[in-house]
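Structure assessment
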Amino acid sequence: MIVNSIKDNPEVRTYQYNAYLEAILYNHLDYKEWLYSNYVQVVYLPEDQCNVSLDYEAPTIYGGCPLIEYQDFAIKDNKSLFLESINDNLQKGKYIYLFLDEYYVPERGSFGKCHFVHDILIYGMDKQSKTYLVIGYNSEFVFVKSQIDFEACYQGFVNNEDHIYMKAVTLKRDTYSMKEEVLKIMLEDYLYGRNSKEHLDLYIDMSTYCSPFFDCRKQLSSSFGVKVYDQYIKDVIECSKQNLEIDYRISYLLYEHHQLMRNRVLYLQDKGVIKKDLKLVQTADDIVRRTKQLVNISLKSLYVKEKKVLCERLIEILVILEKIDCKFISDIIHLWNH
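Computed from a prediction, not measured in an experiment: that's the story for all the values here.

**Let's talk about the pairing of strand E9 (residues 165-171)**
- With 6 of 7 residues buried, E9 is to be regarded as a mostly interior element.
- Pairing of strand E4 (residues 68-74) with E9 involves 7 bridges; the strand directions are antiparallel. Paired with Phe73 across the bridge in E9 is Met166.
- Relative to E9, strand E5 (residues 95-101) runs antiparallel, the two being bridged by 3 bridges. In the sheet register, Tyr97 faces E9, and the bridge partner there is Lys167.

Listed below in C-alpha cells is the structure:
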C-alpha cells in the first residue's frame, strides 16, 4: 500500500484544479504562509470559452506554484506503460493528475450512466487489490477520497480522446515566506478592481507557467476584484429575464474567497502584520454569512421554476456585499499602514 499524504477538506475547492493543489501543499511546513499569500484576487471570465465564470488569479495544479515540481508526460494506448508510469511515480512520492471518462469512475455522477470527461487526482495505490486511491467530487458533490481499480482507470483514460497527457506533481521542500508588501498590492488590486494581468508575476510563478491553462484567461478576463460584483449582477439580471438557473459555483467561490479572507485576517493579526481589531473580524463574519445566503439562493434556483424573485434577492445581497467588502478591505489596508 502506498499512500501519499493529502488533505481531504481544502479551503479552496470550488474547482478541483485549485483543490488538488492545496490538498498537496497542506503537507508543506510553510503551508499557511503560502495559502494566505494566495487566492486574494478574483477574476470574471466568459464561461463559454473558459468553462468557469469566476476564478482566482492564482497558481493551480496545472502550474504557477513555486513549491511544486510539474512534469507532463504522454501515454499512448498501452496499458502496461500506463500502469507502470503511474505506479513508479506514486512510489517516488508523486501525485498523478489526469483526465478520465467518469463513466468508468465509481462514486461519480456519470458512473455507468453517461460519458463525461473530468479531472482526477491519484494519491496512492493498493497493489494487492489493484486499486488507486483518488480524491475529488462524488455524485453527491462532496469532495471525498475513493478508489478505482487499475482496469477502470485505464479504460477511463483511453476513452478520453481530449486528454492524452498526465501530470506528475511533486511537493518541493523549499522554504516559503509571505511577502507582505506583495500581499498588500494584491489587496489593493482587489479593492480597486485593477487588472492583475499587468503584473501577473506577483500572482503566478512564471518559471512554472502553464500556457494552455493561463493564456486563455490572460486574454479573456473581463472584471477583477470587487468589480466582479457588478458583472455577476448583470449575469443574474440576464438569468431573471430568461428564467435560467443561476450558476451556484460563482456564489460558492465568493463564499470560499470571503471565508479565506477572514482566516487570512486572523493569520495576519497573529503575525503582527496588522493590528488586532475585533470589529474587523466581526465584519468578516458578516460578509461570510451574507455570502452563504448567496450560495443557498443559487442552489434553490436549481429546483424552483420561477427564478425572478430569487434573482431579485440575489441582486439585493450583492449590492450590499460590495459596499461592505470595499470598506472591509480598505480597513485591512488602513490597519496595515498604522
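There is more to say after this.
**Looking at the layout of surface pockets**
- Estimates place the volume of the second largest pocket at around 250 Å³.
- What lines the second largest pocket is a set of 16 residues, among which Pro66, Tyr176, Lys179, Asp201 and Leu202 lie closest to the centre.
- Among the elements that line the lining of the second largest pocket, the one with the most residues is helix H6 (residues 180-192), at 3 residues.
- Looking at side-chain class alone, the lining of the second largest pocket contains 10 nonpolar, 3 polar and 3 charged residues.

**Quick look at the packing of helix H4 (residues 79-91) against helix H5 (residues 150-158)**
- Packing of H4 against H5 leaves a shortest axis separation of 11 Å and a crossing angle of 110 degrees. One way to sum up the angle between H4 and H5 is to call them roughly perpendicular. Crossing hand, H4 versus H5: right-handed. Contact residues: Lys79, Phe82, Leu83 and Asn87 in H4; Phe150, Glu151, Cys153, Tyr154 and Phe157 in H5.
- Among the residues making up the contact of H4 with H5, the classes are represented as 6 nonpolar, 1 polar and 2 charged.

**Quick word on helix H9 (residues 248-271)**
- Between its first and last C-alpha, H9 extends 34 Å over 24 residues, near the 34 Å set by a 1.5 Å rise per residue.
- Backbone geometry just downstream of H9 places Gly272 in the positive-phi region, at approximately 80 degrees.

**Looking at the sheet that holds strand E3 (residues 54-56)**
- Here 3 strands make up an open sheet; going across it, the order is E3-E2-E10 and the pairing antiparallel. For this open sheet the edge positions go to E3 and strand E10 (223-224), each flanked by a neighbour on one side alone.
- Direction of pairing for strand E2 (residues 42-44) relative to E3: antiparallel, over a ladder of 3 bridges. Bridge pairing links Val42 to Tyr56 in E3.
- Relative to E2, helix H8 (residues 228-242) is tilted by about 35 degrees, and along the sheet it contacts E2, E3 and E10.

**Things to note about the pattern of salt bridges**
- This model, assessed by the stated rule, comprises 15 salt bridges.
- Two residues, Asp286 and Arg289, come together in a salt bridge whose shortest N-O distance is 2.7 Å. Remark: Arg289 and Asp286 occur in helix H10 (residues 278-300); sequence separation between them is 3 residues, near one turn of the helix.
- The salt bridge partner of Asp331 is Lys327, with a shortest N-O separation of 2.9 Å. Of the two residues, Asp331 and Lys327 both sit in helix H11 (residues 308-337), 4 residues apart, roughly one turn of that helix.
- We classify Asp331 as partly exposed; its relative accessible area is 26%.
- Within this structure, Glu188, Asp189 and Arg194 form a network of salt bridges that share partners.

**Concerning empty space enclosed by the protein**
- Counting across every chain of the model gives 1 cavity of 30 Å³ or more.
- The computed volume of the largest cavity comes to approximately 70 Å³.
- In terms of lining, the largest cavity is formed by Val43, Leu45, Asp55, Tyr56, Glu57, Ala58, Thr60, Lys197, Phe213, Phe214 and Arg217.
- At the level of secondary structure, the elements contributing two or more residues to the lining of the largest cavity comprise E3 and helix H7 (211-220).
- Counting residues per element, the lining of the largest cavity draws most heavily on H7, at 3 residues.
- Per-class residue counts for the lining of the largest cavity are 6 nonpolar, 1 polar and 4 charged.

**Here we look at the nonpolar core**
- Counting residues in each nonpolar core, the largest one holds 113 residues, and the members touching the most others are Phe82 and Tyr132.
- For this core, the element with the highest residue contribution is H11, accounting for 13 residues.

**Some thoughts on the state of the cysteines**
- Considering all chains together, one arrives at 0 disulfides under this definition.
- Between Cys65, a cysteine without a disulfide, and Cys210, which holds the nearest cysteine sulfur, the sulfur-to-sulfur distance is 13 Å.
- Residue Cys65 is classed as buried on the basis of its relative accessible area of 0%.

**Quick notes on the packing of H6 against H9**
- Taken N-terminus to C-terminus, the directions of H6 and H9 make an angle of 145 degrees; their axes are 14 Å apart at the nearest point. Judged by the twist between their axes, the crossing of H6 over H9 is left-handed. Of H9, the residues touching H6 (which contributes Glu180, Leu183, Leu187 and Tyr190) are His257, His258, Met261, Arg264, Leu268 and Lys271.
- Taken together, the residues of the contact of H6 with H9 sort by class into 5 nonpolar, 2 polar and 3 charged.

Reading the values: the criteria
Along each chain, residue indices are assigned from 1 in the same order as the chain's sequence is written. With pLDDT at 70 or above as the cut-off, local features in this predicted model cover only qualifying residues; side-chain atom pairs require 80 or more to be listed or tallied, and sums for whole chains, interfaces and linings still use all residues. Side-chain metrics rest on all non-hydrogen atoms present in the structure, leaving aside hydrogens and water. The cut-offs for exposure are 20% and 50% of the maximum accessible area for each residue type, with area from a 1.4 Å probe on protein chains only; residues under the lower value are buried, those over the upper are exposed, and the others partly exposed. Think of it this way: any DSSP run of H or I at least four residues long counts as a helix, any run of E at least two long counts as a strand, and we number them from the N terminus. When DSSP locates at least two bridges between a pair of strands, those strands are taken to pair. Cavities and pockets were defined on a 1 Å grid built from protein atoms only: a cavity is a group of points that admits a 1.4 Å probe but offers it no way out, a pocket is an open group of points flanked by protein on both sides within 12 Å along at least five of seven lines, and a lining residue is one with an atom within 4 Å of any such point. Grid points are joined across faces, edges and corners, and a volume is the space filled by probe spheres set on the points. Charged residues are taken to be Asp, Glu, Lys and Arg, nonpolar residues to be Ala, Val, Leu, Ile, Met, Phe, Trp, Tyr, Cys and Pro, and polar residues to be all remaining types, Gly included. For every element, the axis is a line fit to its C-alpha atoms; helices are fit only across the contacting stretch, and the angle between N-to-C directions ranges from 0 to 180 degrees. Under this scheme an angle from 65 to 115 degrees is roughly perpendicular, one under 35 degrees roughly parallel, and one over 145 degrees roughly antiparallel; angles in between are oblique. Helix crossings get a hand from a simple test, with the near helix turned counterclockwise from the far one by less than a right angle marking a left-handed crossing and a clockwise turn marking a right-handed one. Contacts are residue-level and defined by heavy atoms, with any inter-residue pair within 4.5 Å sufficient. How far a helix is expected to stretch is found by multiplying one less than its residue total by 1.5 Å. What counts as a salt bridge is simple: a side-chain nitrogen of Lys or Arg found within 4 Å of a carboxyl oxygen of Asp or Glu. Nonpolar cores were defined as sets of buried Ala, Val, Leu, Ile, Met, Phe, Trp, Tyr and Cys residues, with membership established by side-chain atoms within 4.5 Å. Two cysteine sulfur atoms make up a disulfide if the distance between them is within 2.5 Å.

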